[in-house]
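Okay, here's what each chain looks like letter by letter:
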Amino acid sequence: MTNNLIGHELRRLDSLQGSDPAFFVLATHCWIEAYLRRRYGLESQDKNDNFFSLLTSFIEEGQDNSLPDASKALLKDILRYQTVVNKIRHGFFFLGNDEAISALHRLIGFCHAASIQAEEELKSMRSAVGKVWQARDIDQGQSNPLRQVNASLQSKALLDPDLDAQLRESRVLLAELDTLRKNLAATQKELRQASTNVAQEKLSRLAKDARLDQLRQKAADLSSTIRQQDQKIASLQKADQYRSDLIRLTAYTRSRRDFERNLSSLSPDQEAAIKAIGHDSDFLIRGSAGTGKTIVLLKAIEKLMQSNKEGLDFGEARQNPSLVLLTYSKTLVNYSRYLGTLFELDESAGMLTVDKFLGHMFKTLYPEKTIEYETSRLGLRLSAVGILSEEAQRLEIEDLMLEQMLSQDQYLAGAGLRPSGSTVPELNQRKELWQQRTVYESSMKAQARCSPAWAWQELLAAKHEDRLPEHERVDYLFVDEVQDLSPLVLAALKACTRRGLIMAGDGDQALFRRGFSFKTLGIDIVGKSKVLRTNFRNTVPIHELVERFWHLAHSGEPELSDSQTPRPSGYRFGPLPELGRYSDLDQAFALLIERLHVFIDDLGYVAENIGIIVRRRETMASLATVLDKAGIPCTTALRDDDFDFAGHSGLRLMTLHGSKGLDFPVVIFVAEGLKSDFSANEVYVALSRAMEQLLVLVPQKTKSQTLLKVLESFAACQADWGLDQS
């Protein structure tokens, strides 16, 4: 099998892009079968050497040769999708453009798994995705076949007892079918070897035929048993149709790595944002959840690194990096590193938390001081102010006066954003608290430990007084999730930057409204910002639910509900989000585990592509115990310094706060019923983490106004989707 022949055949496939999507999908699977036949020397059309047995043989061969897990998962996806391809062959099925793109990703993945050297042809095929299929017609309107698939799913309610029973039964049959196919693949391998051996042995023709006929009969018997097993599975019509529909809807993002790599083909507004980022200025990239802000930052770093060949390390090797990517949590640092490896970003690009970076800068001024992030441990005693606790006083001084950089007049006037549910102290109390601030700051200056806010304030003062060493400042800071940073932190970051502060943030959240101004912090973004308007993360149904919730949650905030900024639009179709109700956490966990079997066993998602979001760490620990007993691996270590998102540590468990900035092909959100209400932003974050599959579990009885808006959003969307809500 020559590379010239393979290259010629792949170019033929490339020429089919933009034609009928179903024919293109069929052609990709036909080529895979043809390749495997040549690989195993099976030019003749033996009826027992069908696609399933050939690909099963290849998978078994890969397991013997330590094929990467991602490649094994992709090959199993191809095997699973063959049931859809057979419907094209036998029923002249019509597929959509998304399904053609999905088939292209599987084809490219197969070529990599088979070590096929055809990079030029594969690169050409990959580059045609946006130019051909997406340009051909992104959504296809009401004629989109995936809409019709969703229509067939509409009657299948979440956790329908009859459907669940059929799924469990068919799961057993499918496991048996998998064993039969492996046995058939092994028999066919033995038959191929025997055919070679007998040709070399000096046996009579009759003896040769007897040996081969015995193996052929065994293969025929296995093939017959496989057909009977297929018929049994097909007889469970509800489960068979449900699984088939979901396979079609979920094939696109089964491989997270392929999905993320697809995003490296930038949209026009993403390319415009990168092009607009200057070498000597600040810049702001704005966009709602899923619009690809982090990817734009990474691509912008790549662009600047190409034009700046200095050492970019940050740490012991070099204390003066030219570029550093900052985000607010360790989890996001780990995730950014993971994305950087997908886009083959130079490992020398520094990636740190904001606190770690600013802490390093502060140490250059006060090497003897230690920053205490738990301010209650500072041991500072505050005089009584009315009935306010010391903790409440510290929050007023730290979170409002210092972090929000309020002047005395502003603070006394009651300005500043306080946590939901907290009250503004009386005017006389605010006056006393302002006096306490002076004592508070003086005490920190005199002792060895200080709070982060005081430290960042000192960085600002050092910059203004020319005490901040110029050689310690960096050329560029790229700051992700900037809406989660306080004005003081942003001002301190600007003080540590020589040339440009490039930021990305979610325009739906608090920092970008209610009078906030970058100009007052010395950050100049006038005429230097771009808005990303296409949601690449979420499928259209998930996007519709998130948008519906966003509008309902902010219906009483005219500055948001009547915003001049266009809301983002979705462009990938997918399964409908699902809503489940539970009476207690035990039932919630039982529903969750039942659904995990569908995602993992029926649809083939790997556990690492599933994120489960809860509100409390205690719930996360309880769920980890339940999953362990069920034999489902999971991890809660996303914040650990050495955590690797590309690793295989099971389901990802996280809190609402820990989920910020992440995304997963499958997300399960367990909305616990607690005394304190959810904030709208917390739920918005949880819902918008899902790329493709979203399951929301809500208590049957809840007084939470936010969760009631979630239920209202589901009801409205289900009506739009044509679901029977009776």
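Calculation rules
- Residues numbered from 1 in each chain as written.
- Predicted model: local features only at pLDDT ≥ 70, side-chain atom pairs only at ≥ 80, totals over all residues.
- Heavy atoms only, no water.
- Helix = DSSP H or I, 4+ residues; strand = E, 2+ residues; numbered from the N terminus.
- Core = buried A, V, L, I, M, F, W, Y, C linked by side-chain atoms within 4.5 Å.
- Buried < 20%, exposed > 50% of the residue type's maximum accessible area, 1.4 Å probe, protein only.
- Contact = heavy atoms within 4.5 Å.
- Salt bridge = Lys/Arg side-chain N within 4 Å of Asp/Glu carboxyl O.
- Pairing = 2+ DSSP bridges.
- Axes fitted to C-alpha atoms, helices over the stretch in contact; angles between N-to-C directions.
- Phe/Tyr/Trp six-rings, centres within 6.5 Å; stacked < 30°, edge-to-face > 60°.

Engineer: Give a detailed account of unusual backbone geometry, specifying residues and quantitative values.
Structural biologist: Positioned with a positive phi, Asp466 is a non-glycine residue whose angle comes to about 55 degrees. Within the secondary structure, Asp466 is located in the loop between α19 (452–464) and β6 (474–479).

Engineer: An account of the nonpolar core is requested, with residue identities and associated values reported.
Structural biologist: Within the largest apolar cluster, 117 residues are counted, with the highest numbers of intra-cluster contacts made by Phe357, Leu358, Trp456, Phe478, Leu493, Met503 and Phe669. Take this core: its biggest share by element is 8 residues, from helix α13 (residues 293–307). Contacts of Phe478, omitting those with residues within four sequence positions, involve Leu297, Ala300, Ile301, Leu304, Leu323, Val324, Leu325, Leu326 and Ile502. Core analysis: the second largest hydrophobic core is formed by 51 residues, Leu163, Leu246, Ile247 and Val598 among them.

Engineer: Talk me through the pattern of salt bridges; I want residue IDs and the actual numbers.
Structural biologist: The tally for this structure, following the rule as stated, stands at 26 salt bridges. Residue Glu121 pairs with Arg11 through a salt bridge whose shortest N-O separation is 2.8 Å. Residue Glu121 is located in helix α6 (residues 119–136), and its partner Arg11 is located in helix α1 (residues 3–15); the two are separated by 110 residues in the primary sequence. We note a salt bridge from Glu302 to Lys299, for which the minimum N-O separation is 3.6 Å. Residue Glu302 and its partner Lys299 are located together in helix α13, separated by 3 residues, close to a single helical turn. Through salt bridges with shared partners, a single ionic network connects Glu390, Glu391 and Arg394.

Engineer: So what's going on with the side chain of Thr294? Residues and values would help.
Structural biologist: With respect to the secondary-structure elements, Thr294 resides in helix α13. Setting aside chain neighbours within four positions, we find Thr294 in contact with Ser336, Leu339 and Asp480.

Engineer: Could you give an account of the sheet that holds strand β8 (residues 529–532), naming the residues involved and the relevant values?
Structural biologist: If you walk across this open sheet you meet the 6 strands as β3-β2-β6-β7-β1-β8, and the pairing is parallel. Strand pairing shows two members of the sheet lacking a second neighbour, β3 (350–353) and β8, which therefore form its edges. Taken over all neighbouring pairs, the strand axes of this sheet differ in orientation by 20 degrees on average, direction set aside. Sheet contacts for helix α15 (residues 354–365): β2 (323–327), β3 and β6; angle to β3, the most-contacted strand, approximately 95 degrees. Against the sheet, helix α20 (residues 487–495) engages β2, β6 and β7 (497–505), with an angle of about 145 degrees to β7.

Engineer: How would you explain the sheet that holds strand β16 (residues 690–699) if you had to name every residue and give the values?
Structural biologist: Taken in spatial order, the 6 strands of this open sheet run β11-β16-β15-β12-β14-β13, and their pairing is parallel. Both outer strands of the open sheet, β11 (578–582) and β13 (634–635), are each paired with one neighbouring strand and no more. Of the strand pairs in this sheet, β13 and strand β14 (residues 651–655) are connected by 2 bridges, and their pairing is parallel. Counted as the bridge partner of Thr635 is Arg652 from β14. Running over the sheet, helix α26 (residues 680–687) touches β12 (610–614), β15 (664–670) and β16 and is turned about 140 degrees from β15.

Engineer: An account of the packing of aromatic side chains is needed here, citing residue identities and associated values.
Structural biologist: Per the stated rule, a full pass over the model turns up 11 aromatic pairs. Summarising the aromatic geometry, the rings of Tyr35 and Phe110 are spaced 5.7 Å apart at their centres and angled 85 degrees between planes, so their arrangement reads as edge-to-face. Linking Tyr35 in helix α2 (residues 21–39) with Phe110 in helix α5 (residues 97–113), this pair joins segments that are 75 residues apart in sequence. Judged by relative accessible area, which is 5%, Tyr35 ranks as buried.

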